[in-house]
Amino acid sequence: MTPTTDTDRAERTGMRSGASSASLAITDLRKDFGGTTAVDGISIDVPAGSFLVLLGPSGCGKTTTLRMLAGLENPTGGEIRFGDRVIARGDGTELVAPAEREAGLVFQSYALWPHKTVRQNIEWPLTVAKWSRADRRSRGDEVLSLLAIAELADRYPGEISGGQQQRVAIARMIAPQPKVLLFDEPLSNLDARLRVETRGELMRVHRSTGATSVYVTHDQVEAMTMATHIALMKDGRIEQFGTPRELLESPRTAFAATFIGTPPANIVECRVHDGRLRAYGVDCGAAPSVAADGDGDGVVRAMYRASSLAASEEATGPGVVAATFADQVPMADRWVIGVDLPDGTRAHVSRDTPVGLLPGDGLGVRLPSEPDAYFDAAGERLDTGENR
Ligand SMILES: Nc1ncnc2c1ncn2[C@@H]1O[C@H](COP(=O)(O)OP(=O)(O)OP(=O)(O)O)[C@@H](O)[C@H]1O
């Protein structure tokens, strides 16, 4: 069979063009459930074709946000637009029905119809949308081949693996050519290898449909590898919004610094004393001037990247904190050493070689004379102009 592009197929089959995607604009969006505020006034704007990841710990409001995009929850404040079209307003003056939003949703549980074959599952939304039999068949073939599951077309969900079921769920979502693809932790039920594989597939689906994708996960590695834009959420609010690189290189808060990165950056809480920073009895360099002039609570959080710290069995002397070895893992051609600082804070140090220690053994961690960034006591980045 000669491979054909999506456009070729669309032209040949005379299907609705479907190409396309919509920009996404979320403005001051809120969701209150009785006394609980799940989403607390978030604003996000991404261009058509973006891959937006909503990232954050459990309970931060990611799923509720996604459900509002899908139309499964109605906002209690703010507005959502797909392209020029207002999809939902918190005051209820505009609420487009889920089926009319041109958005498709995939959950972590696949929710396939057990008594329909793979093909029937995939063609079901097209039947509901009253596509002709020929168009359904043709679009069914197209997405079966895009997800590389054509040979499973006549099987039932109970006769295929979890990874294959997830592909069927994705094929079913994209069959009606939605402009916005919504994913709620779609890989969390898969084992580690399948997760990586399916991640690649999803990226391919995203590119080949050209749709705007919104993807919920608590896994920063997924976010870093897939996203064009990340909204890092905490307590219903956006902690930081930007490209993966911006979040990694310029975390705006201590939370962002410790949530993103493999390993994430280390935060050491320092006391300001006579213009110097001190932690664990060690001098951590000059206090940034903004801190010295600040609100006087005397705390600055210093950020050190794993590559900025040094750890060794022998290290003693100025700038060296007496720590406890916890574990070590090889990463690319380096080793990431996990250590516990004197107050129990886990820190990560990267170095060229493993250490010859057992968990619980002592080792020295050398802090450089200048941290990579400073945050105030509340965790907000201090723009010192001195930050590297
Ligand atoms: N239907 C509901 N009724 C009441 N509270 C809710 C409801 N749905 C969500 N919440 C609350 O809203 C907050 C945000 O929940 P949400 O599911 O959006 O978080 P999440 O970031 O997706 O978490 P997870 O990763 O655990 O799914 C939580 O405190 C949750 O308990």
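For the structure itself, consult the block above.
Here's what I pulled together on the structure shown here. The structure presented is a predicted model; accordingly, all values stated were derived computationally and were not measured. Starting afresh in each chain, residues are numbered from 1 along the sequence in its written order. Where local features are concerned, this predicted model is filtered to residues with pLDDT of at least 70; where side-chain atom pairs are given and counted, the filter is 80 or more; whole-chain, interface and lining totals use all residues. Processing note: side-chain calculations cover all non-hydrogen atoms of the structure and skip hydrogens and water entirely.

What follows concerns the overall build of the protein chain. Every helix listed is a DSSP run of H or I at least four residues long, and every strand listed is a run of E at least two residues long, numbered separately from the N terminus. On a plain count of helices and strands, the protein chain comes out with 10 helices and 20 strands. Overall, the protein chain is about 80 × 50 × 35 Å in size when its C-alpha atoms are taken along their principal axes. Note on classification: 1.4 Å probe, protein chains only; a residue is buried when its accessible area is under 20% of the maximum for its type, exposed when over 50%, partly exposed between these limits. Out of the 388 residues in the protein chain, the part that is buried amounts to 48%. In what follows, a contact means two residues having at least one pair of non-hydrogen atoms within 4.5 Å. Within the protein chain, counting contacts between residues at least 6 apart in sequence, those at least 24 apart form 64% of the total. Working note: accessible area of the protein chain is about 17900 Å², and carbon and sulfur atoms make up 50% of it. For this count, His and the chain ends are skipped, Lys and Arg are scored as positive, and Asp and Glu as negative. One atom stands in for each charge, and that atom is NZ of Lys, CZ of Arg, CG of Asp or CD of Glu. Positive and negative side-chain charges in the protein chain, numbering 42 and 52 respectively, have mean positions lying 7 Å apart. Shrake-Rupley sampling with a 1.4 Å probe provides the accessible areas, and residues are treated as covered by the protein chains on show and by no other component.

Now for the side chain of Thr 117. Note that Thr 117 resides in the loop between β6 (103-106) and α3 (118-128). Exposure remark for Thr 117: the relative accessible area of 10% places this residue in the buried category. Thr 117 has contacts with Ala 153, Asp 154, Arg 155 and Tyr 156, leaving out every residue within four places of it along the chain.

Turning our attention to the site of the ligand. One heavy atom within 4 Å of a molecule or strand is enough for the residue carrying it to be called near that molecule or strand. As a structural note, the neighbourhood of the ligand is formed by Phe 33, Ala 38, Pro 57, Ser 58, Gly 59, Cys 60, Gly 61, Lys 62, Thr 63, Thr 64 and Glu 185. Within the side chain of Lys 62, a nitrogen or oxygen atom sits 2.8 Å from an oxygen atom of the ligand. Burial of the ligand by the protein chains amounts to 58% of its free accessible area of 630 Å². Here the shell around the ligand gets three residues from one element, more than from any other, and that element is helix α2 (residues 62-70). Three classes are used, and their members are as follows: Ala, Val, Leu, Ile, Met, Phe, Trp, Tyr, Cys and Pro are nonpolar, Asp, Glu, Lys and Arg are charged, and the others, Gly among them, are polar. For the shell around the ligand, a count of residues per class yields four nonpolar, five polar and two charged. Any pair of N or O atoms that falls within 3.5 Å is considered a polar contact. Within protein, one atom must be able to donate a hydrogen and the other to accept it, and sequence-neighbouring residues count only if both atoms are side-chain atoms.

What counts as an axis is a line fitted to C-alpha atoms, over the stretch in contact for a helix, and the angles between N-to-C directions run from 0 to 180 degrees. At a closest axis distance of 9 Å, the pairing of α3 and helix α4 (residues 133-146) adopts a crossing angle of 125 degrees. On the basis of their axis angle, the class for α3 and α4 is oblique. Remark: the crossing between α3 and α4 carries right-handed chirality. Contact residues: α3 offers Val 118, Arg 119, Ile 122, Glu 123, Leu 126 and Thr 127, while α4 offers Arg 136, Arg 137, Arg 139, Gly 140, Asp 141, Val 143 and Leu 144. Working definition: roughly parallel below 35 degrees, roughly antiparallel above 145 degrees, roughly perpendicular at 65 to 115 degrees, and oblique for all remaining angles. Working rule for handedness: look at the near helix, and if it is turned counterclockwise from the far one by less than a right angle, call the crossing left-handed; if clockwise, right-handed.

Turning next to the packing of α3 against helix α5 (residues 162-174). For the pair α3 and α5, the least separation of the axes is 7 Å and the interaxial angle reads 30 degrees. Comparing the axis directions of α3 and α5 gives the class roughly parallel. Note on packing geometry: the crossing formed by α3 with α5 is right-handed. Across the interface between the two elements, Val 118, Asn 121, Ile 122 and Pro 125 of α3 pack against Val 168, Ala 171 and Arg 172 of α5. Looking at the contact of α3 with α5 residue by residue, the classes come out as five nonpolar, one polar and one charged.

Below, the discussion takes up the sheet that holds strand β2 (residues 36-46). Strand pairing follows a simple DSSP-based rule, namely that at least 2 bridges must link the two strands. The strand order across the open sheet formed by four strands is β2-β1-β4-β5, and the pairing between neighbours is antiparallel. The open sheet is flanked by β2 and β5 (85-89), the only strands paired with a single partner. Averaged over all adjacent pairs, the angle separating strand axes in this sheet is 20 degrees, with direction ignored. The strands that α2 touches are β1 (24-33), β2, β4 (77-82) and β5; relative to β1, the one it contacts most, it runs at about 115 degrees.

So, on to α3. Every buried residue belonging to α3 is among Val 118, Arg 119, Asn 121, Ile 122, Glu 123, Pro 125 and Leu 126, and all of these are buried. Where α3 is buried, its residues contact α4 and α5. The positive-phi residue at the C-terminal boundary of α3 is Lys 130, with phi of around 65 degrees.

Let us now look at the state of the cysteines. Any cysteine sulfur atom paired with another within 2.5 Å is treated as part of a disulfide. For the coordinates displayed, the defined rule picks out zero disulfides. There is no disulfide at Cys 270, and the cysteine sulfur nearest it, in Cys 284, is 4.0 Å away. For Cys 270, a relative accessible area of 1% translates into the label buried.

The criterion is simple. A nonpolar core is a set of buried Ala, Val, Leu, Ile, Met, Phe, Trp, Tyr and Cys residues joined through side-chain atoms within 4.5 Å. Residues Leu 55, Ile 122, Leu 147, Ile 149, Ile 174 and Tyr 215 are the most contacted members of the largest nonpolar core, which totals 43 residues. Here Ile 174 is in contact with Arg 139, Val 143, Leu 146, Leu 147, Leu 181, Val 205 and Thr 209, once residues within four sequence places are set aside.

Moving on to the pairing of strand β11 (residues 266-273). One ladder, built from six bridges, connects β11 with strand β14 (residues 299-304); its direction is antiparallel. Along β14, the bridge assignment pairs Val 268 with Ala 302. Relative to strand β12 (residues 276-279), β11 runs antiparallel, the two being bridged by three bridges. Bridge assignment links Val 272 to a residue of β12, and that residue is Leu 277. Between β11 and β12, which follow one another and run antiparallel, lie two residues, and Asp 274 among them has a positive phi close to 50 degrees.

Any carboxyl oxygen of Asp or Glu within 4 Å of a side-chain nitrogen of Lys or Arg constitutes a salt bridge here. This model, assessed by the stated rule, comprises 22 salt bridges. Across the pair Arg 85 and Glu 102 runs a salt bridge whose closest N-O atoms are separated by 3.9 Å. Of the two residues, Arg 85 is situated in strand β5 and Glu 102 in the loop between β5 and β6; the sequence distance between them amounts to 17 residues. Overall, the relative accessible area of 33% leaves Arg 85 in the partly exposed class. Ionic pairing is found between Lys 179 and Glu 102, a salt bridge with its closest N-O pair at 3.8 Å. Here Lys 179 is found in the loop between α5 and β7 (180-184), whereas its partner Glu 102 is found in the loop between β5 and β6, with 77 residues between them in sequence. You can call Lys 179 partly exposed: its relative accessible area is 27%. A network of salt bridges, in which partner residues are shared, links Arg 167, Arg 193, Glu 197, Glu 201 and Arg 204.

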